[in-house]
Amino acid sequence: MNALLRPASGAADAAAFNALRRVVTPYQVFSPERIQHFWEVTPERAYAKVLVAEVDGQVVGAGRASFNTWTSEQGAASMFVMVHPDHRRQGIGAQLYAVLDAHLTEHDGRKIQIWGTDDEDVAGFLHRRGYERTAELRYSKLDLTDIAKLPPAPATPDGVVLVSAREAGPEALYSVDAATVVDEPGDTAMDAVPYEDWYAEIWQNPSADLDASVVVLAGDVPAAYTLVEVDREGGRMWSGGTGTLRTHRGRGLAKLAKSEAVRRAAAAGVTAAYTSNDEVNQPMLAVNEWLGYRPCAVQYSYLRTV
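Definitions and limits used
Residues numbered from 1 in each chain as written. Predicted model: local features only at pLDDT ≥ 70, side-chain atom pairs only at ≥ 80, totals over all residues. Heavy atoms only, no water. Helix = DSSP H or I, 4+ residues; strand = E, 2+ residues; numbered from the N terminus. Rg over C-alpha atoms; globule rule 2.2 N^0.38 Å. Buried < 20%, exposed > 50% of the residue type's maximum accessible area, 1.4 Å probe, protein only. Areas by Shrake-Rupley, 256 points an atom, 1.4 Å probe, with all protein chains shown as cover. Expected span 1.5 Å × (residues − 1). Pairing = 2+ DSSP bridges. Axes fitted to C-alpha atoms, helices over the stretch in contact; angles between N-to-C directions. Contact = heavy atoms within 4.5 Å. Parallel < 35°, antiparallel > 145°, perpendicular 65-115°, else oblique. Left-handed = near helix turned anticlockwise from the far one by under 90°. Nonpolar A, V, L, I, M, F, W, Y, C, P; charged D, E, K, R; others polar.

**Student:** So what's going on with the overall build of the chain? Which residues, and what values?
**Tutor:** Counting its regular elements, the chain contains 9 helices and 12 strands. Here the chain has a C-alpha radius of gyration of 19 Å; the compact-globule value for 306 residues is 19 Å, and the two agree. Across its three principal axes, the chain shows a C-alpha extent of roughly 65 × 40 × 35 Å. A buried classification covers 52% of the 306 residues belonging to the chain. Element-wise, carbon and sulfur atoms account for 50% of the exposed surface of the chain, whose accessible area totals about 14,100 Å².

Next comes the structure, spelled out in structure tokens:
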């Protein structure tokens, strides 16, 4: 079956995109407003292409391809395709993939990453197209309906203060986020994050809860952080990032930040928290397991180099 492919834009497409995500990957937390905002602020140099696939006027599939503008690596790009379960095995995913792949090739994509669900059909589809599995990503969920079940908050070390991201301000949050994301496991180094792009995508993200997000100050230095994104309609939160400066690691500051952030989110009405971690990131996995996060899904990174 050939679906009608067209560019995605505007609130209606963002809502359809989000609804499809909730079916295909319910463990990822988005909102229509967050998706539309992301589309609007993606820089032109990313050469982003976003498509929806329609059958009988209904959006049954979608996909996106773009270049990574937060890395020094040339030609690093990513792509994903999703199709509603009721419309799989009809060639719609292959149709979306072909257009997006041609787009990246046209713009000299050299290193293309795709995250795929734990599914033999997905693995086979990507292997046939030259992709190799490189990493495993664990998704985890934390029930926040009863915060009394959370472990006691860690003691705050002397000289350390916890403030909200709103109180700390964008430059403080950026300083620790950009410095720590470099150390996150992944196929592409996130080593060139422009402040202007970060500000537009992260700080101005309509789903960012700047009051629940936490910055840990060690003296006057932003030393650790946890960023909270919220799907207010669904009462869910997503950990948009947690990190500690290298010079302040080993003091439990990430644990302190995340413990405080989930409590603030719960107090604001969030009932479930979701996060993802590379399986090799044992320190962060240990923090999440201590908090009570439990595995709920797995994805794999697939990579093709040209």
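There is more to say, and it comes next.
**Student:** How would you sum up helix 3 (residues 92-106)? Please name residues and give values.
**Tutor:** Here helix 3 spans 22 Å end to end across 15 residues, near enough to the 21 Å set by a 1.5 Å rise per residue. Listed in full, the buried residues belonging to helix 3 are Ile92, Gly93, Gln95, Leu96, Tyr97, Leu100, Asp101, His103 and Leu104. Two residues or fewer after helix 3 comes Asp108, characterised by a positive phi angle close to 70 degrees.

**Student:** So what's going on with the sheet that holds strand 8 (residues 214-218)? Which residues, and what values?
**Tutor:** An order of 1-2-3-4-5-12-6-11-10-9-8-7 is seen for the 12 strands of this open sheet, with the pairing classed as mixed. The open sheet has two edge strands with one neighbour each: strand 1 (4-7) and strand 7 (160-164). Within this sheet the neighbouring strands show an average axis-to-axis angle of 25 degrees, counted without direction. Note: strand 6 (residues 132-143) against strand 11 (residues 272-278), 7 bridges, orientation antiparallel. Residue pairing for strand 11: Tyr139 is matched across the bridge by Ser276. Its contacts with the sheet put helix 8 (residues 253-267) on strand 6, strand 7, strand 8, strand 9 (221-231), strand 10 (236-244) and strand 11, and the angle it makes with strand 9 is roughly 30 degrees. Strands in contact with helix 9 (residues 282-291) are strand 6, strand 10, strand 11 and strand 12 (294-305); relative to strand 11, the strand with the most contacts, it is inclined by about 155 degrees.

**Student:** Pulling in residues and values, what's your account of the packing of helix 8 against helix 9?
**Tutor:** Here helix 8 crosses helix 9 at 40 degrees, and the two axes come no closer than 10 Å. Here helix 8 lies oblique to helix 9, going by the angle between them. In terms of crossing hand, the pair formed by helix 8 and helix 9 is right-handed. Across from Lys255, Lys258, Ser259 and Val262 in helix 8, the residues of helix 9 making contact are Met284, Val287, Asn288, Trp290 and Leu291. The class makeup of the residues in the contact of helix 8 with helix 9 is 5 nonpolar, 2 polar and 2 charged.

**Student:** Tell me about the pairing of strand 9, and name the residues and values.
**Tutor:** Burial analysis of strand 9 places 10 of its 11 residues in the buried class, which makes it a mostly covered element. Relative to strand 9, strand 8 runs antiparallel, the two being bridged by 5 bridges. The residue of strand 9 that forms the bridge with Leu217 is Pro222. In textbook terms, the turn of a hairpin is the stretch between consecutive antiparallel strands, and for strand 8 and strand 9 this stretch comprises 2 residues, one of which, Gly219, has a positive phi near 70 degrees. The pairing of strand 9 with strand 10 spans 8 bridges and is antiparallel. Counterpart to Asp231 in the pairing with strand 10 is Arg236. In this structure, the hairpin formed by strand 9 and strand 10 is closed by a connection of 4 residues, where Gly235 is found at a positive phi of approximately 65 degrees.

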